[in-house]
Amino acid sequence: MSNPSLKEQLKALSIGLSSSSNEPQLKKEKKKMNRPAEAREKGGTKQKPAWLEHAQYGVELLKAHFPNCFKDLKEVCPLKIGIKQDLAKYLSGREDIVIGDKACMINSLAYYVNSVAYHKCMVAGGARIDLEGNPAGVVTAEEAQYSSECRKAKLQKKQSPQTVGQNAEQEMNKIKS
């Protein structure tokens with residue numbers, strides 16, 4: 001299956017979730033998304049990107065199907081190494097879950113494990129869990145160190161996006177001089 005096909009399925013799924021009585025609202029939302037970012041931001045809260053909505057939807061599906069494994073931000077636990085393969089294997093045997101939701105869950109796993117909360121829970125010696133919530137390994141010191149560095153980088157990036165832009169502008173001015 002190609003990526004455009006998957007994107008089309010996710011789009012169709014998101015459209016299918018909204019009822020037909022919300023059709024005028026859906027058209028309004030599409031028009032909103034086609035406006036420039038400045039115009040959208042003036043209207044109130046900033047609109048979430050579509051990929052973020054799909055990722056968050058997928059995490060909610062993971063929480064619903066695997067409540068012992070995928071938890072709220074305050075209760076996040078390190079996951080078993082190779083859990084993506086376990087998830088794919090499990091979902092391939094389930095015919096009651098639509099293919100769009102299966103793909104969304106597998107893709108959302110990356111969003112889940114790259115969250116600041118997940119990196120924060122990665123402590124050396126901490127237990128990893130499988131899809132059922134059973135212990136499945138231990139976090140090594142190297143993994144904990146890597147996760148700590150990722151968390152710091154994410155927080156730093158989140159705190160100083162203006163600083164990065166200012167530094168780039170200063171560099172461009174130096175080059176022009």
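Residues numbered from 1 in each chain as written. Predicted model: local features only at pLDDT ≥ 70, side-chain atom pairs only at ≥ 80, totals over all residues. Heavy atoms only, no water.

1. Some words on the packing of aromatic side chains
Consideration 1: In this structure the tally under the stated criterion is four aromatic pairs.
Consideration 2: Taking the centre distance of 5.2 Å and the plane angle of 65° together, the rings of F66 and Y90 count as edge-to-face. Of the two residues, F66 sits in the loop between α4 (50-65) and α5 (83-92) while Y90 sits in helix α5, which places them 24 residues apart along the sequence.
Consideration 3: Residue class for F66 comes out buried when judged on its relative accessible area of 5%. (Phe/Tyr/Trp six-rings, centres within 6.5 Å; stacked < 30°, edge-to-face > 60°. Helix = DSSP H or I, 4+ residues; strand = E, 2+ residues; numbered from the N terminus. Buried < 20%, exposed > 50% of the residue type's maximum accessible area, 1.4 Å probe, protein only.)

2. Side note on α4
Consideration 1: If you check α4, its first and last C-alpha atoms are 23 Å apart, about what 16 residues at 1.5 Å a residue would give, namely 22 Å.
Consideration 2: Within the span of α4, buried status applies to L52, A55, G58, V59, L61, L62 and K63.
Consideration 3: Buried residues belonging to α4 abut α5 and α6 (99-113). (Expected span 1.5 Å × (residues − 1). Contact = heavy atoms within 4.5 Å.)

3. Comments concerning the confidence of the model for the protein
Atom-level detail of predicted coordinates should not be read off regions where pLDDT is low.
Consideration 1: The share of residues in the protein with pLDDT of 70 or more is 65%, and the mean pLDDT across the chain is 77.
Consideration 2: Averaged pLDDT values over the elements of the protein bottom out at 46 in helix α2 (residues 23-34) and peak at 94 in α5. (pLDDT = per-residue confidence, 0-100.)

4. Some remarks on the pairing of strand β2 (residues 135-138)
Consideration 1: By the bridge criterion, two bridges tie strand β1 (residues 127-129) to β2 in an arrangement that is antiparallel. Bridge pairing in β2 links A127 to V138.
Consideration 2: Count of turn residues in the β1/β2 antiparallel hairpin: five residues, of which G133 carries a positive phi of about 90°. (Pairing = 2+ DSSP bridges.)

5. Quick word on the environment of V123
Consideration 1: Within the secondary structure, V123 is located in the loop between α7 (116-121) and β1.
Consideration 2: For the pair V123 and C77, spaced 46 residues apart in sequence, the C-alpha separation works out to 9.9 Å.
Consideration 3: In this structure V123 touches V139 and A144, once residues within four positions along its chain are discounted.

6. Regarding the packing of α4 against α6
Consideration 1: Close contact between α4 and α6 brings their axes to 7 Å; oriented N to C, the two are set at 100°. With respect to their mutual orientation, α4 and α6 come out roughly perpendicular. Seen from α4, the contacting residues are W51, L52, H54, A55, Q56, Y57, G58, V59, L61, L62 and H65; seen from α6, they are D101, C104, M105, S108, L109, Y111 and Y112.
Consideration 2: Residue composition of the contact of α4 with α6, grouped by class: twelve nonpolar, five polar and one charged. (Axes fitted to C-alpha atoms, helices over the stretch in contact; angles between N-to-C directions. Parallel < 35°, antiparallel > 145°, perpendicular 65-115°, else oblique. Nonpolar A, V, L, I, M, F, W, Y, C, P; charged D, E, K, R; others polar.)

7. Some words on the nonpolar core
Consideration 1: Among the nonpolar cores identified, the biggest contains 22 residues, and C69, F70 and L79 are the most heavily contacted of them.
Consideration 2: Those elements giving two or more residues to this core turn out to be α4, α5, α6 and α7.
Consideration 3: Among all residues touching F70, those that are not within four sequence positions of it are L62, K63, L79, L109, Y112 and L131. (Core = buried A, V, L, I, M, F, W, Y, C linked by side-chain atoms within 4.5 Å.)

8. Thoughts on the state of the cysteines
Consideration 1: Tallying each qualifying case throughout the model produces zero disulfides.
Consideration 2: Sulfur of C121: no disulfide; nearest cysteine sulfur belongs to C77 and is 6.5 Å away.
Consideration 3: Classification of C121 as buried rests on a relative accessible area of 17%. (Disulfide = S-S within 2.5 Å.)

9. What about the side chain of R128?
Consideration 1: Here R128 lies in strand β1.
Consideration 2: Among the polar contacts listed, one links the side chain of R128 to the side chain of E143, at a separation of 3.0 Å. (Polar contact = N/O pair within 3.5 Å; in protein donor to acceptor, adjacent residues only side chain to side chain.)

10. Some thoughts on the packing of α5 against α6
Consideration 1: Running from N to C, α5 and α6 point in directions that differ by 175°, and their axes come no closer than 10 Å. Put simply, α5 runs roughly antiparallel to α6. Of α6, the residues touching α5 (which contributes I83, K84, L87, A88, L91 and S92) are K102, M105, I106 and L109.
Consideration 2: In terms of residue class, the contact of α5 with α6 is made up of seven nonpolar, one polar and two charged.

11. A closer look at the pattern of salt bridges
Consideration 1: For the coordinates displayed, the defined rule picks out five salt bridges.
Consideration 2: For D72, the salt bridge is made with K63, and the minimal N-O distance between the two is 3.2 Å.
Consideration 3: A salt bridge links K80 to D86; its shortest N-O distance comes to 2.6 Å.
Consideration 4: In this structure D86 comes out as partly exposed when scored by relative accessible area, which is 25%.
Consideration 5: Connected through shared salt-bridge partners, E60, K63 and D72 make up one network. (Salt bridge = Lys/Arg side-chain N within 4 Å of Asp/Glu carboxyl O.)

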